[in-house]
Amino acid sequence: MDTPLIEADYVIVGAGAAGMAFADELLTASDATMAIVDRRQAPGGHWNDAYPFVRLHGPSEHYGVNSRPLGNGGLEAVGANRGLPERASGAAIREHFDAVMRERLLPSGRVRYLPMHEWQADPASPASGAAVSRLGPQRLRLHARRRVVDATRAETELPGTHAPPFEVAAAVRWVAPHQLTMLQEPASGYTIVGGGKTAIDTVLWLLEQGVAADLIRWVRPREAWLLNRADLQPSWAYFGRSLAAQARQLELASAATGIDDYFVRLEAAGLMMRIDPQVTPTMFRCALVSEGELQELRRVRHVVRAGHVRVLERDRIVLERGVLPLPAGHVVVHCAANGIPPRPAEPAFQGARLVLHYVRRCAPSFSAALLARLEVATLDDERRNAMSRAVPAPQVPADWLRTQLQEVHNELGWRSLPDLAEWLGSARLAGVSPLLARAAREGTPEIAALMQRLRHARGRGLGGMARLLAAVQAEGEQGPQPLARRALAVES
Ligand SMILES: Cc1cc2nc3c(=O)[nH]c(=O)nc-3n(C[C@H](O)[C@H](O)[C@H](O)COP(=O)(O)OP(=O)(O)OC[C@H]3O[C@@H](n4cnc5c(N)ncnc54)[C@H](O)[C@@H]3O)c2cc1C
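Just so we're clear, the structure is a prediction, and the values are computed from it rather than from any experiment. (Residues numbered from 1 in each chain as written. Predicted model: local features only at pLDDT ≥ 70, side-chain atom pairs only at ≥ 80, totals over all residues.)

## Overview of the site of the ligand
Taken together, 31 residues surround the ligand, and among them Gly14, Gly16, Gly45, Ala154 and Thr156 come closest. Counting only elements with at least two residues in the shell around the ligand, the list comes to helix H1 (17-29) and strand E4 (117-122). With three residues, the single largest contributor to the shell around the ligand is H1. Considering only residue class, the shell around the ligand consists of 16 nonpolar, 10 polar and five charged. (Near = placed C-beta within 6 Å. Helix = DSSP H or I, 4+ residues; strand = E, 2+ residues; numbered from the N terminus. Nonpolar A, V, L, I, M, F, W, Y, C, P; charged D, E, K, R; others polar.)

## Re the sheet that holds strand E12 (residues 272-273)
Spatially, three strands are ordered E12-E11-E13 in an open sheet, and the strand pairing comes out mixed. Single-partner strands in this sheet number two, and they are E12 and strand E13 (288-289). Pairing between strand E11 (residues 226-228) and E13: two bridges, direction parallel. Looking at E13, one finds that Asn228 is bridged to Val289. (Pairing = 2+ DSSP bridges.)

## Overview of unusual backbone geometry
At Cys286, a position not held by glycine, the phi torsion is positive, near 65°. Within the secondary structure, Cys286 sits in the loop between E12 and E13. You can call Cys286 buried: it has 23 C-beta atoms within 10 Å. Its identity is not glycine, yet Cys362 carries a phi of approximately 50°, on the positive side. Topologically, Cys362 is positioned in the loop between strand E20 (353-355) and helix H7 (364-376). (Buried ≥ 20, exposed ≤ 12 C-beta atoms within 10 Å, placed from the backbone.)

## Some words on the environment of Asn48
By secondary structure assignment, the location of Asn48 is in the loop between strand E2 (34-37) and helix H2 (90-105). Sequence separation of Asn48 and Gly16 is 32 residues, and the distance between their C-alpha atoms is 9.3 Å. Apart from the residues within four sequence positions on either side, Asn48 is in contact with Arg40, Ala42 and Arg94. (Contact = placed C-beta atoms within 7 Å.)

## Quick notes on the domain arrangement of the chain
You can read the domains of the chain as domain 1 (5-152 + 346-388) and domain 2 (167-225 + 274-334). Distance from the C-alpha centre of domain 1 to the C-alpha centre of domain 2: 33 Å. Contact with domain 1, which involves 10 residues of that partner, is made by 13 residues of domain 2. Looking at side-chain class alone, the side of domain 1 that touches domain 2 contains seven nonpolar, three polar and no charged residues. (Domains from an automatic or database assignment.)

## Some words on the pairing of strand E16 (residues 316-319)
Of the two faces of E16, only one is covered, namely that formed by Ile317 and Leu319; the face formed by Arg316 and Val318 stays uncovered. Bridge count for strand E15 (residues 309-312) against E16 is three bridges, and the pairing is antiparallel. Note on E16: the bridge partner recorded for Val311 is Val318. Hairpin connection from E15 to E16: three residues lie between these consecutive antiparallel strands.

## Digging into the pairing of strand E10 (residues 216-219)
Residues of E10 alternate between two faces, with Ile216 and Trp218 on one and Arg217 and Val219 on the opposite face, all of them buried. One ladder, built from four bridges, connects strand E9 (residues 189-193) with E10; its direction is parallel. Within the sheet, the bridge partner assigned to Tyr190 lies in E10 and is Ile216. Handedness of the crossover joining E9 and E10 through helix H3 (residues 197-208) is recorded here as right-handed. Of the strand pairs in this sheet, E10 and strand E14 (residues 302-304) are connected by three bridges, and their pairing is parallel. In the sheet register, Val219 faces E14, and the bridge partner there is Val304. (Right-handed = clockwise from strand over helix to strand, strands pointing away.)

Below, the structure written as structure tokens:
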């Protein structure tokens, strides 16, 4: 029997935040048809497997798809983030994507959705492939009349779906964060393995549940620089603060003598934070925390800095540079998945293929929607690519500079296209861009002065960033990130 063929203008592989934001914007801006393939059972990508206490790290206001708001647009009423713009829970994010699929994409009659199907690219034709059911023998051939859209670039790795990167002896009690909510009896203590955002979320949650800080032991092989959440709120209520933070960052870049000095200056200005002021962080992955959360995290005093965990044995944990006892009844929490692993960069627009990478710092939803806008613009791929260079998820402190410089380059291209500039001024996902447009219309004298300060700082600040980055590169980089470095080499 012949394998059935489905044809659509676009075949979108991945119904995570990127695939959904792209499909939503394409639906608005064109009359294209789409087939969306995902191996998961529901849209939303990794949010389907996240731990139950997960929340967005940034504000809901600028996450999800462009056509539909997420969250209540208000401020957090309780907890360590009180007064900051609301951040959706994992459940609210899943509901958002589910509603977009059921109430907008599918009823349009232009979208076919194939959940629980694995995409297999056709090596002979970039416009074709197969969707293979994970539940039965169904196999569908798919052909994209325009492009196959790769919305799988993030390949998000979570502790719930990715095994620990260390050996585990049989009968050792370890859990991923989502299993903490299912413990049948209290633990005698907790060892958190990992220094990233998942570990931070897990420690904060344990403390919030009333677990005593001295029952928590935290294995942090590397320290991270953390962004101060209050300075990165593209929200009207925080706009003045956000403008001042941007201006300060630029001013400090022109004054700094090196990358470490730059981060210390950012810290002194309250823009960057670290849990332990005695240790120089070597990691930077765009994690945001509030000052209240930072104070909570500092309550955990038992921090183990002896490298990565190698083996979990019945009564001890073997690390790269030491051994820890593992008392009876103690629970080890695996928070050591890679999040968004580094990938080599490639152009977004590649003939029959379109790769949804980030085109702005740590902005997956915005980036996918922007790429949809570029797709419908009357441009050739060379011009599209010139203004959509990859802005890879940062890994090390120097990436904060690298991604800003790359983003500025992209932004200049977008603003050269009147239609795109207009879209930026109004799109929900565009973060600070609509706020700038609003400020131009109705800004107070204080906002006008801050914008003037920002304009003034820009030229020298970007020059300073380029200088700091060049010095890092001349010194042979920092941190074990060969892929990220290779990505930049491809890009530059
Ligand atoms: C805990 C946590 C909090 C975060 N908070 C924020 C935040 O506040 N703000 C923010 O902007 N970002 C945040 N992020 C970053 C986050 O990764 C992105 O926001 C976004 O969800 C990534 O979406 P994605 O579609 O690119 O990737 P994914 O969610 O990984 O989706 C990719 C999809 O592709 C599918 N797929 C892959 N390969 C195939 C195949 N061969 N066949 C079929 N389907 C396939 C997968 O099943 C998956 O559903 C957070 C990340 C984590 C882990």
